[in-house]
Amino acid sequence: MIEVFLPMVPPTVTAQEHEIAVVNGKPRYYDPPRLKAARNKLTGALAYHRPDTPLSGPLRLVTKWCFPAGKHQDGQYKDTRPDTDNLQKLLKDCMTACGYWRDDAQVASEICEKFWAAVPGIYIRVEELT
């Protein structure tokens, strides 16, 4: 099992925010600077905690996205954008790149929540399912 808290203001940009450029008459997808920065921020924080060998078999991923509380109450659920599924996609892409698992298709169970919090960051737990 891997359990970690990444203290940071979670990125709000999502993996779906690719942009398209036409090169030699063909569309090409690319990451705009804001998405590249978010990917680098997550990958940098995750790399420090990656396992020595990628986890195998079916996995459960639990994430709690903690956004700066501001005027909201600490621990209050966040019911505004970004959507949890969009947040998860970028995180799982970064975890795959860091070697947490071979393929994010291994994530067979997923629990994702987002909150307003006094201490912003991302709580992550990954466990192998038997």
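Described below are features of the structure shown in this document. (Residues numbered from 1 in each chain as written. Predicted model: local features only at pLDDT ≥ 70, side-chain atom pairs only at ≥ 80, totals over all residues. Heavy atoms only, no water.)

## Re helix α1 (residues 33-47)
- Spanning 15 residues, α1 covers 21 Å between terminal C-alpha atoms, matching the ideal 21 Å at 1.5 Å per step.
- Where α1 is concerned, the buried positions are Leu35, Ala38, Leu42 and Leu46. Each buried residue of α1 sits inside an arc of 65 degrees when the element is viewed along its axis, so together they form one side. For α1, the exposed residues set more than 90 degrees away from the buried face come down to Pro33 and Asn40.
- Among the structural elements, β1 (2-7), α2 (84-98) and β6 (121-128) are those in contact with the buried residues of α1. (Helix = DSSP H or I, 4+ residues; strand = E, 2+ residues; numbered from the N terminus. Expected span 1.5 Å × (residues − 1). Buried < 20%, exposed > 50% of the residue type's maximum accessible area, 1.4 Å probe, protein only. Arc of directions from axis to C-beta. Contact = heavy atoms within 4.5 Å.)

## Examining the environment of Pro27
- Mapped onto the secondary structure, Pro27 falls in strand β3 (residues 26-30).
- Setting aside residues no more than four positions away along its own chain, Pro27 makes contact with Ile20, Ala21 and Val22.

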